[in-house]
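# A closer look at the structure
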Protein chains: 2
Amino acid sequence: MVSIGIDVGGTGLKAGAVSERGEILSKVSCPTLPERGFEAVVADMARLAVRAAEEAGAAMEEVRSVGIGIPGVHDPARNLVVRCVNLYWKDVPLIDEMHRYLSVPVYVDNDATVAGLAESVAGASRGMHSSVLITLGTGIGSAIIIDGRIYAGAHGCGGEMGHIITHAGGILCSCGHRGCWERYASASGLIRLGQEIAKRNPDGVIARKSGGNPEAIDARMVLDSAKEGDPDAMQAFETYTEELAIGLSSIVVALDPEMIVLGGGVAGAGEFLLQAVRKKIAEYAIFPDMPLPRIELAITGNDAGIIGAAHLGR
Amino acid sequence: MVSIGIDVGGTGLKAGAVSERGEILSKVSCPTLPERGFEAVVADMARLAVRAAEEAGAAMEEVRSVGIGIPGVHDPARNLVVRCVNLYWKDVPLIDEMHRYLSVPVYVDNDATVAGLAESVAGASRGMHSSVLITLGTGIGSAIIIDGRIYAGAHGCGGEMGHIITHAGGILCSCGHRGCWERYASASGLIRLGQEIAKRNPDGVIARKSGGNPEAIDARMVLDSAKEGDPDAMQAFETYTEELAIGLSSIVVALDPEMIVLGGGVAGAGEFLLQAVRKKIAEYAIFPDMPLPRIELAITGNDAGIIGAAHLGR
């Protein structure tokens, strides 16, 4: 038996067959072209699922389930994708639509949740009783895993740690509220710090790397400059890891997971980030005598979406 | 079979026998007198447990377990009470010491956790799949219940929601960090708001009620004045419920529990508080189309410590 995992992105659809042991047996992909509308995209998703099974040498009778990770919110009670901004989806019956093409069980969940599941079955938090994945990208995605299963809350809306409020009355967030953690500790938060430096010091390393264009500053530019020892960038990195630790420490006091796994673009800074975050988390401990969660980097990378989605419903 | 629940406070020890169906069959108590030292207090706890069984007409062979709720932290890995400030306990082997007197299984957990368990077995959140209890007292205590069981995290340190950071860089907390939620949304936070008003308006209702002594202001004074329509107190209450909602909304996005139960002194304001908090929580929703957790008041009250402790280990 195999399971099919589908990773839905705004630009591309990826699918793969995954064995019982969690190995990827095949990978296929196509562009999303979301402007074609919901039905056309789902038809392609179903086609990709069939091709992924074929390329793995599995008949559809040998497919246990199809799992789908979406950059949006699925309401399990109503069986609807409530919203999926990049694909212009709002209240669409994704599972029903997939069943027009496929008769196997279909599961849908948020992409950060799916990535958390991937880490817990085949990644850094494999074998852990409890873990939290935090992805540091444009926003902050997150997933809570308890006893090897996703904990998504009573209505499927849990694990949205990017919107915990760390700076009451602070920067306005896309969710409409002020002071959400992701405004400060996502890649976007780091970029903002880099832009502030470039503005303050137009002859500095970051301003130079960006060719004087603040819009060209990305997280990597700031991280690399900090690694190279540029004092401005090191200061921005210090501020950034402080912001990261403020939210992570809230997760620690609330959930005390066995492990916190860091993924997403900023986690590309590797050990440099990890050492800084571990130090800060220790400083924020409220019970100095008690052990703290391990902090590790995500390792499933580009395959996380397929592996995690294939494990939905298992 | 019965279970014994023991509620350990800085001033008093209470114990009771609790039936399989969750009814309290007996209640006994004595002063704590913590300055006598750990051994003397535990000897009294064991005596109370025996008396509670006796008064319920149960032989010790009919006692399934003894559960203890402490105002402190227990490390299940080392079987030690790591700290319990009001009782001057630090790294004490409470379970081992109880076993000098009793041969039944002994369980220990934090008092807020125990109160959460009480609500979930015999109170407002009975029958709920997931719930979070928040007690609004001198600090903020909390407990996460998932599938009818306490979720305390990997090292038993979870559910300390009073120390999530809502105001990065804000007021210094007893834990040593700045901006913890409990500095703003506990009874102490409300009292601080009342004191600020009394200072600003020395002829106002709150200043008058306190006899001009800011130290005499308590949470009830502010709540009652707000209920009576005093504009200053209403403003303080508005600010307070905003602070409360900021932390509660972080719990909603992270955990999406079926229900949040409010207990502790401030919850004595009843429907007045409840209506205000429900309104604020709806304003803070990040998925407007999705259902929100129910918000209710704790109902087990003074018996929560005994009922919850008796359910530890069940």
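Please read these numbers as outputs of a predicted model, since none were measured by experiment. (Residues numbered from 1 in each chain as written. Chains lettered and ligands numbered in written order. Predicted model: local features only at pLDDT ≥ 70, side-chain atom pairs only at ≥ 80, totals over all residues. Heavy atoms only, no water.)

Now for the sheet that holds strand S10 (residues 140-146) of chain A. Residue and element names in this part refer to chain A. Ordered in space as S11-S10-S9-S12-S13, the five strands form an open sheet in which the pairing is mixed. The strands lining the two open edges of the sheet, one partner per strand, are strand S11 (149-151) and strand S13 (294-297). Averaged over all adjacent pairs, the angle separating strand axes in this sheet is 30°, with direction ignored. As paired strands, strand S9 (residues 130-136) and S10 are joined by seven bridges and run antiparallel to one another. Across the sheet, residue Leu136 finds its bridge partner in S10, namely Ile140. (Pairing = 2+ DSSP bridges. Helix = DSSP H or I, 4+ residues; strand = E, 2+ residues; numbered from the N terminus. Axes fitted to C-alpha atoms, helices over the stretch in contact; angles between N-to-C directions.)

Moving on, we come to the environment of Lys227(B). All names here are of chain B. The residue Lys227 is located in helix H7 (residues 219-227) in this model. Given a relative accessible area of 44%, Lys227 falls into the partly exposed group. The sequence separation of Lys227 and Val2 amounts to 225 residues, and the corresponding C-alpha distance is 43 Å. Setting aside residues no more than four positions away along its own chain, Lys227 makes contact with Ala269 and Phe272. From its side chain, Lys227 meets the backbone oxygen of Ala269 in a polar contact 3.4 Å long. (Buried < 20%, exposed > 50% of the residue type's maximum accessible area, 1.4 Å probe, protein only. Contact = heavy atoms within 4.5 Å. Polar contact = N/O pair within 3.5 Å; in protein donor to acceptor, adjacent residues only side chain to side chain.)

This part covers the environment of Arg278(B). All names here are of chain B. Note that Arg278 resides in helix H9 (residues 271-283). Along the backbone, Arg278 and Ile6 are 272 residues apart, and their C-alpha atoms lie at a distance of 33 Å. The contacts of Arg278, once residues within four sequence positions are left out, are Ile295 and Glu296. Of the polar contacts made by the side chain of Arg278, one reaches the backbone oxygen of Ile295; its length is 2.9 Å.

This brings us to the relation of the copies chain A and chain B. Between chain A and chain B, the superposition needs a rotation of 180° and an axial shift of 0.0 Å, giving an RMSD of 0.1 Å. The two molecules are tied by a two-fold rotation axis, judged by turn and shift. Comparing interface residues between copies, 100% of those in chain A also lie at the interface in chain B; the contact surface is shared. (Least-squares fit on C-alpha atoms with pLDDT ≥ 70 in both.)

Now for helix H5 (residues 187-200) of chain B. In an α-helix, one turn spans 3.6 residues, which is why side chains three or four residues apart end up on the same side. Residues and elements named next belong to chain B. Helix length check: H5, at 14 residues, gives a terminal C-alpha distance of 20 Å against a target of 20 Å (1.5 Å per residue), a fit within 8%. Along H5, the residues classified as buried are Ala187, Gly189, Leu190, Leu193, Gly194, Ile197 and Ala198. Buried residues belonging to H5 abut strand S9 (130-136), helix H4 (182-185), helix H6 (205-209), H7 and helix H8 (231-255). (Expected span 1.5 Å × (residues − 1).)

The next thing to look at is the packing of helix H5 (residues 187-200) of chain A against helix H8 (residues 231-255) of chain A. All names here are of chain A. Remark: H5 packs on H8, axes separated minimally by 10 Å, with the N-to-C direction vectors making an angle of 145°. In terms of crossing hand, the pair formed by H5 and H8 is right-handed. Between H5, through Leu190, Leu193 and Ile197, and H8, the contact on the second element is made entirely by Asp232, Ala233, Ala236, Thr239 and Tyr240. Looking at side-chain class alone, the contact of H5 with H8 contains six nonpolar, one polar and one charged residues. (Left-handed = near helix turned anticlockwise from the far one by under 90°. Nonpolar A, V, L, I, M, F, W, Y, C, P; charged D, E, K, R; others polar.)

Looking now at the sheet that holds strand S6 (residues 80-84) of chain B. Residue and element names in this part refer to chain B. Across the sheet, three strands lie side by side as S5-S6-S7; this open sheet has antiparallel pairing. Of all strands in the sheet, those bounded by a partner on one side alone are strand S5 (73-75) and strand S7 (89-92). Between one strand and the next, the sheet's axes are offset by a mean angle of 15°, whatever the strand orientation. Taken together, the three bridges between S5 and S6 define a ladder with antiparallel strand orientation. What sits directly across from Val73, in S6, is Arg83.

Here chain A shows a mean pLDDT of 95. Residues at 70 or above account for 100%. We note a pTM of 0.91 for the whole complex and an ipTM of 0.90 for its interfaces. (pLDDT = per-residue confidence, 0-100.)

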